[in-house]
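Take a look at the letters that make up each chain.
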Amino acid sequence: MTIKGSCHCKATTFEVSEAPRTVTQCTCSFCSKRGSLWAYYTPSQFKLVTPKKNVAFYQWGSKTVKHGFCATCGCGTFTETPDSSTGEPDFDNPKISVNSRLFDDFDLDKVEVVVIDGKNLW
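- The chain is annotated in an unreviewed UniProt entry as GFA family protein from Mesorhizobium erdmanii.
- Comment text from UniProt for the chain, heading Sequence similarities (unreviewed entry), reads "Belongs to the Gfa family."

### Some remarks on the sheet that holds strand β2 (residues 13–16)
- Here we have 3 strands laid out as an open sheet, ordered β1-β2-β5, and antiparallel in their pairing. Strands with a single pairing partner mark the edges of an open sheet, and in this sheet they are β1 (3–6) and β5 (46–48). Adjacent strand axes in the sheet meet at a mean angle of 20° when their direction is disregarded.
- Relative to β5, β2 runs antiparallel, the two sharing 3 bridges. Residue pairing across strands places F14 opposite L48, the latter belonging to β5.

### Some details on the side chain of D83
- Along the chain, the position of D83 falls in strand β8 (residues 76–83).
- Here D83 occupies a buried position and makes no salt bridge, while the nearest side chain of opposite charge, K95, is found at 4.3 Å.
- Sequence-distant contacts of D83, defined by excluding residues within four places in its chain, comprise E88, P89, D90, N93, P94 and K95.

### Some words on the pattern of salt bridges
- Scanning all chains against the criterion turns up 3 salt bridges.
- With a shortest N-O distance of 3.8 Å, D107 and K110 are connected by a salt bridge.
- Residue D107 is classed as partly exposed on the basis of its relative accessible area of 38%.
- With a relative accessible area of 69%, K110 lands in the exposed category.

About the cut-offs
- Residues numbered from 1 in each chain as written.
- Predicted model: local features only at pLDDT ≥ 70, side-chain atom pairs only at ≥ 80, totals over all residues.
- Heavy atoms only, no water.
- UniProt positions renumbered as here; feature names shortened; annotations may be inferred.
- Pairing = 2+ DSSP bridges.
- Helix = DSSP H or I, 4+ residues; strand = E, 2+ residues; numbered from the N terminus.
- Axes fitted to C-alpha atoms, helices over the stretch in contact; angles between N-to-C directions.
- Buried < 20%, exposed > 50% of the residue type's maximum accessible area, 1.4 Å probe, protein only.
- Lys, Arg positive; Asp, Glu negative; His and termini not counted.
- Salt bridge = Lys/Arg side-chain N within 4 Å of Asp/Glu carboxyl O.
- Contact = heavy atoms within 4.5 Å.

Spelled out as C-alpha cells, the structure:
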C-alpha cells in the first residue's frame, strides 16, 4: 500500500511503500521545534517523486543526519540518517525518516506514538 506525502506547497512530494506501524516523537531540540512525528524506512521503501533540487538540507551537531526541507515553503520533509537503533550510528544501514505529518489522506491518529528522549540521548 503506497502512501503519498507532500509539503505545504507541493513542490516536494514523496511516496513510501507502506503505512508506519509506529511513529516517533523525539524530544531533542531540533525535533521538538520542528514538531515532526518520524516514520522510518529503508532507502528502497522511500521515493522522492519531485526533483531533489526542490529539497534543501540542514545538518547540525555531529552532521551525521541530513534534515531535508522544502526549498520553497520550508516544511520539514524527511531525513537521511544512519540506523541508530542499537544506540550507535550504523552508516552501512541508512534510514530515511519521513515526517508522517505530511502524509496525504492518512489517519495518523490510528498510529502509536513512541517517545524517545533525544534531549538527553544526544
